[in-house]
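# Fold and contact review
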Amino acid sequence: MRIAFLGLGIMGKPMAQNLVKAGHEVKVWNRSSGKSVDGAHSASSPKEAARDAEIVWLCVSDTKAVEEVLFGDDGVIGSLKAGAIVVDSSTILPDASLKFAERVRKNGADFVDAPVTGSKVGAESGQLIFIVGARAETFEKLQPLFSVMGKSAVRVGANGKGLAAKLSMNLMIALTYEGFAEALVLAKKQGVEVKPLMSLINQSMVRSGVVDYKAPFVMARDFSANFPMRLMHKDIRLMLEAARQNGVKLPGLETVDKVYESSAREGNANLDYAATLMTLEKAAGVS
Ligand code: NAP
C-alpha cells in the first residue's frame with residue numbers, strides 16, 4: 001500500500017521501518033530534520049507526504065501536534081484523497097480526536113484512533129498492541145498493517161473509544177509502577193535487600209507485566225527514556241481531564257500527578273517515567 005507516516009520519534013520511526021520491511025511504499029515526514037527511515041522516501045511536509053497516500057499514519061506527541069500535522073499550514077488535509085484512511089497512533093484526548101475525525105470525514109476520508117501499548121521494545125520488534133476506535137469495515141481494511149507493526153489489534157468501539165481505553169490502561173501502568181517504586185523505597189528504608197525482595201515479588205500475586213518490563217532497567221539504574229516521563233505526565237493530565245469531563249474521581253492518580261510534578265521540577269522530565277523512583281528515594285534519603 002502507499003502509506004504516509006508522520007512523526008519519527010521513539011515509536012514512529014520503528015513503526016514506519018516495519019512497514020517498509022513488509023514491502024509497503026512509505027513516505028515519511030518529521031517536524032525536525034535529520035530523522036529518516038531506510039527504504040522510505042522523505043517528504044518535506046505532511047501535505048506532500050499525504051499526496052496519493054492510501055493510508056496516512058500519525059504518531060506524534062500530543063493533541064496540538066496532531067492538529068498541526070493534520071490541519072496546519074502544509075497539513076495533511078491540503079492533499080488528502082477521498083477514500084484515504086487517516087490513522088492516529090498518538091495518545092491524545094478522546095474528545096479532540098472525535099473533532100479531528102469529523103473534519104477529516106468532511107473531506108471524504110475516514111479516521112481511526114489507534115493508540116498503542118508496548119513501548120519502544122514493542123515498536124522495534126513489531127509486537128505492539130493497537131487499541132482501536134474505528135468503523136468495523138475500516139478496522140478490517142487495516143488488519144494487514146496492524147499485523148506488520150503489532151502482535152494484535154483490538155477494536156473497542158467507534159471513534160474515540162480506542163483512546164478512552166488506552167488512557168484507562170495507562171492509568172493502570174502509572175499506578176502500578178508507582179506502587180512498585182514506593183514498595184522498593186519503603187522496603188529499602190527498613191533495611192530489606194532488593195534482590196530477595198524481587199524474588200518474592202516475582203513469585204507472588206504482585207508480579208505484573210509493568211514490573212517485569214521495568215525492573216531490569218531499574219536494577220541497572222538505566223533511566224534513559226523508553227517512555228519519557230513528560231509523555232506519561234501528559235497522559236496523566238489527559239486521564240484527569242477525561243475523568244473531569246465524565247464526573248469520575250481518581251484520587252490515586254491525582255497523587256501520582258503530584259509525584260510527576262516534583263520529579264519534573266527535579267529535571268527528570270526527559271528521562272523514563274521510571275525515574276519517579278529517584279524522586280521517592282531522594283525524599284526518603286535512600287537509593
Ligand atoms: P517522541 O519520541 O517524543 O516523538 C514525538 C514525535 O512527535 C516526534 O516525531 C516529534 O517531532 C513529533 N512532534 C512533537 N510536536 C510536534 C508538532 N507540534 N508538530 C509535528 N510533530 C511534532 O514520542 P514517542 O515516544 O514516539 O511518542 C509518540 C506518541 O506515542 C505519544 O502520544 C506517546 O504518548 C505515545 N506512546 C508512546 C509510547 C512509548 O513508550 N514511547 C508508548 C505508547 C504510546 P520532532 O522530532 O521534531 O520533535
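When you go through the chain residue by residue, the secondary structure sums to 12 helices and 9 strands. Taking 2.2 N^0.38 as the reference for a compact globule, 287 residues should give roughly 19 Å; the C-alpha atoms of the chain span a radius of gyration of 20 Å, in line with that estimate. A principal-axis box enclosing the C-alpha atoms of the chain has dimensions of 65 × 45 × 35 Å. Taking all 287 residues of the chain together, 51% fall into the buried category. Relative to all contacts within the chain whose residues are 6 or more apart in sequence, the contacts with residues 24 or more apart total 66%. Total accessible area on the chain is roughly 13,300 Å²; 54% of this is exposed by carbon and sulfur atoms.

To continue, consider the nonpolar core. Formed by 66 residues in total, the largest nonpolar core has its most connected members in Leu-6, Val-56, Leu-70, Tyr-177, Phe-180 and Ile-236. With 10 residues, helix 7 (residues 161-189) is the single largest residue contributor to this core. When residues of this core are assigned to domains, at least three fall in each of domain 1 (2-157) and domain 2 (164-284). Apart from the residues lying within four places of it in its own chain, the contact partners of Phe-180 are Met-198, Ile-201, Val-211, Ala-215, Val-218 and Met-219. Counting 30 residues, the second largest nonpolar core, distinct from the first, contains Met-15, Ala-114, Ala-134 and Leu-145.

Looking now at the pairing of strand 9 (residues 150-157). Sheet topology note: the strand 8 (residues 128-133)/strand 9 ladder contains 6 bridges and is parallel. Each bridged residue has a counterpart across the sheet, and for Gly-133 the counterpart in strand 9 is Gly-157. With respect to chirality, the unit in which strand 8 leads through helix 6 (residues 136-149) into the neighbouring parallel strand 9 is right-handed.

The next subject is helix 8 (residues 194-203). Looking only at helix 8, the buried set comprises Leu-197, Met-198 and Ile-201. The buried side chains of helix 8 occupy one side of the element, clustering within an arc of 100° when seen end-on. Exposed residues pointing more than 90 degrees away from the buried face of helix 8 are listed as Lys-195, Leu-200 and Gln-203.

Tracing the backbone shows Val-148 in helix 6. According to the relative accessible area criterion, Val-148 is partly exposed, its value standing at 22%. With 23 residues separating them in the primary sequence, Val-148 and Ser-125 have C-alpha atoms 9.8 Å apart. Once residues within four sequence positions are removed from consideration, Val-148 is found in contact with Asn-18, Leu-19, Ala-22 and Gly-126.

Taken domain by domain, the chain comprises domain 1 (2-157) and domain 2 (164-284). Facing the 16 residues of domain 1 at the interface are 18 residues of domain 2. Carbon and sulfur atoms make up 67% of the area that domain 1 and domain 2 hide from each other, which totals about 1,300 Å². Between the two partners, domain 1 and domain 2, sit 0 salt bridges. There are 3 residue pairs in polar contact (both at pLDDT 80 or more) connecting domain 1 and domain 2. Those elements that place two or more of their residues in the side of domain 1 that touches domain 2 are helix 4 (94-105), strand 7 (116-117) and helix 5 (119-125). When residues in the side of domain 1 that touches domain 2 are grouped by element, the largest group, 3 residues, is from helix 5. In terms of residue class, the side of domain 1 that touches domain 2 is made up of 9 nonpolar, 4 polar and 3 charged.

Calculation rules
- Residues numbered from 1 in each chain as written.
- Predicted model: local features only at pLDDT ≥ 70, side-chain atom pairs only at ≥ 80, totals over all residues.
- Heavy atoms only, no water.
- Helix = DSSP H or I, 4+ residues; strand = E, 2+ residues; numbered from the N terminus.
- Rg over C-alpha atoms; globule rule 2.2 N^0.38 Å.
- Buried < 20%, exposed > 50% of the residue type's maximum accessible area, 1.4 Å probe, protein only.
- Contact = heavy atoms within 4.5 Å.
- Areas by Shrake-Rupley, 256 points an atom, 1.4 Å probe, with all protein chains shown as cover.
- Core = buried A, V, L, I, M, F, W, Y, C linked by side-chain atoms within 4.5 Å.
- Domains from an automatic or database assignment.
- Pairing = 2+ DSSP bridges.
- Right-handed = clockwise from strand over helix to strand, strands pointing away.
- Arc of directions from axis to C-beta.
- Buried area = accessible area lost by both parts, 1.4 Å probe.
- Salt bridge = Lys/Arg side-chain N within 4 Å of Asp/Glu carboxyl O.
- Polar contact = N/O pair within 3.5 Å; in protein donor to acceptor, adjacent residues only side chain to side chain.
- Nonpolar A, V, L, I, M, F, W, Y, C, P; charged D, E, K, R; others polar.

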